[in-house]
Amino acid sequence: MTKARPFIKWVGGKSQLLEQFQNYYPIELRRGAIKNYVEPFLGGGALFFEISHRYHIQQAYLSDVNKDLILTYQVVQQRPYDLLDFLEQYQKEYDQTEQDKRNELFLAVRKHFNLQRFEINYKKLSDNWIPRAAQFIFLNKTCFNGLFRLNSKGEFNVPFGKYKTATIFDMPNILAVSKALQNAEIQYGDYRNCFEKVNEHTFVYLDPPYRPISATASFTNYTGTVFTDQEQLQLAEFFRKLDQQKGAKLMLSNSDPKNENSEDDFFERAYSGYHIFRVSAARAVNCNGDKRGKIREVLITNYQYEPQTLEFHF
Ligand SMILES: C[S@@+](CC[C@H](N)C(=O)[O-])C[C@H]1O[C@@H](n2cnc3c(N)ncnc32)[C@H](O)[C@@H]1O
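Residues numbered from 1 in each chain as written. Predicted model: local features only at pLDDT ≥ 70, side-chain atom pairs only at ≥ 80, totals over all residues.

(A) Local environment of the overall build of the protein. What the protein contains, in helices and strands, is ten helices and seven strands. Here the protein holds 314 residues, and 37% of them are scored as buried. Contacts in the protein between residues far apart in sequence, at least 24 positions, make up 73% of those at least 6 positions apart. (Helix = DSSP H or I, 4+ residues; strand = E, 2+ residues; numbered from the N terminus. Buried ≥ 20, exposed ≤ 12 C-beta atoms within 10 Å, placed from the backbone. Contact = placed C-beta atoms within 7 Å.)

(B) Structural view of the site of the ligand. What surrounds the ligand is a group of 20 residues, the closest being Gly12, Phe41, Gly43, Gly44 and Asp207. By residue class, the composition of the shell around the ligand is ten nonpolar, six polar and four charged. (Near = placed C-beta within 6 Å. Nonpolar A, V, L, I, M, F, W, Y, C, P; charged D, E, K, R; others polar.)

(C) Expanded view of the pairing of strand β2 (residues 59-64). In terms of burial, β2 is a largely internal element, five of the six residues being buried. Pairing geometry for β2 and strand β3 (residues 184-188), over five bridges, is parallel. By the bridge assignment, Leu62 is partnered in β3 with Ile186. (Pairing = 2+ DSSP bridges.)

(D) Layout of the nonpolar core. Counting 73 residues, the largest nonpolar core has Leu83, Ala133, Ala134, Ile137 and Val204 as the members making the most contacts within it. The greatest single-element share of this core, amounting to eight residues, is contributed by helix α7 (residues 129-142). With near-sequence residues (within four places) excluded, Leu83 lies in contact with Val75, Val76, Ile130, Ala133, Ala134 and Ile174. (Core = buried A, V, L, I, M, F, W, Y, C linked by C-beta atoms within 7 Å.)

(E) Molecular detail of the pairing of strand β5 (residues 249-255). For β5, the buried fraction is high: seven of the seven residues fall into the buried class. Of the two faces of β5, the one holding Lys249, Met251, Ser253 and Ser255 and the one holding Leu250, Leu252 and Asn254 are both buried throughout. Note that strand β4 (residues 202-206) and β5 share four bridges and pair parallel. Residue pairing for β5: Val204 is matched across the bridge by Leu250.

(F) Structural view of unusual backbone geometry. Phi is positive for Asn145, close to 55 degrees, though the residue is something other than glycine. Looking at the element boundaries, Asn145 is found in the loop between α7 and α8 (171-180). The exposure class assigned to Asn145 is exposed, which follows from the 8 C-beta atoms found within 10 Å. In this structure, Lys162 takes a positive phi of about 55 degrees despite not being glycine.

(G) Structural detail: the packing of helix α4 (residues 67-78) against α7. Running from N to C, α4 and α7 cross one another at 115 degrees; their axes reach a closest spacing of 9 Å. In this view, α4 runs roughly perpendicular relative to α7, as classed from their interaxial angle. Seen along the crossing, α4 lies across α7 with a hand that is left-handed. Mapping the contact onto sequence places Asp68, Leu71, Thr72 and Val75 in α4 and Trp129, Ile130, Arg132, Ala133, Phe136 and Ile137 in α7. Across the contact of α4 with α7, the residue classes tally to seven nonpolar, one polar and two charged. (Axes fitted to C-alpha atoms, helices over the stretch in contact; angles between N-to-C directions. Parallel < 35°, antiparallel > 145°, perpendicular 65-115°, else oblique. Left-handed = near helix turned anticlockwise from the far one by under 90°.)

(H) Structural context of the confidence of the model for the protein. The pLDDT averaged across the protein works out to 91; a share of 89% of its residues lies at or above 70. For residues 217-222, every residue scores under 50 in pLDDT, and the model assigns this stretch 20 contacts once sequence neighbours within four places are set aside. Confidence over residues 284-291 falls short of pLDDT 50; this stretch has eleven contacts with residues more than four positions distant or in other chains. (pLDDT = per-residue confidence, 0-100.)

As structure tokens, this is what we get:
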């Protein structure tokens, strides 16, 4: 059986960091005492797929503020075979279109995707969700860097990525993802809505849009709105509330401002009293050659780090 992994490219995706993150999971998860998982900034969902593969998660609550992303997850969960029919068509069309005509194909799909948004009832899965989910995946795999950006009218406006070849989908993975999602409740909405789903036996992973590491590098623009420092601080308040009122195990990641300025103690102040670790991520910070390479991310937990000694696999 294929191990599920993200079926979309997503800015801030955590696939590169999974190996390092596993050292910081709560010991209760590794011992099998945690069976409830909550991830309210879902994006590509790399950590959810990893954790649901390694541990016995009975129930998951997954959410994101991106409506079309959530619609697509729900279609993968509930109608994977119908989705695959559409994806096969898109793959064929892309492959059979000559190189210099692919931009036109991309723009035609993007136009349709944008016009169709008025026809969609995001509250209830219906037949018109399936081509929309296929278009979302097609655009994600063929647009520039897998970005998702909306203009002020709510139109997706990322240009074509000019790829010579594009793998729009991987059938065994779509089916593995669908299976991994069977115990998940998937909801569109703000991260705060997860509060009711959390209890003392829950592991919550929070991966908000990055705090920009420099004035020029903005990784935060996912839906046309920016996640400001003010919002980072509100999230820190929410973290405290989850800790104090729910007693859940919490892990949060963000970019480390000390990459750029060793004096910047934004997260030390916002999360005072909690545990802050630093892990390395390979990604380009800016165009300046010597700043490329490994940069750190902060990992914040409300539990002690215990080196991996016991591992239970299911
Ligand atoms: C850093 S990405 C998550 C990356 C993800 N962990 C992965 O591995 O791909 C942050 C996500 O938060 C979502 N987001 C932004 N503001 C939000 C909010 N207020 N509530 C919930 N989700 C939000 C964005 O749509 C984006 O998908």
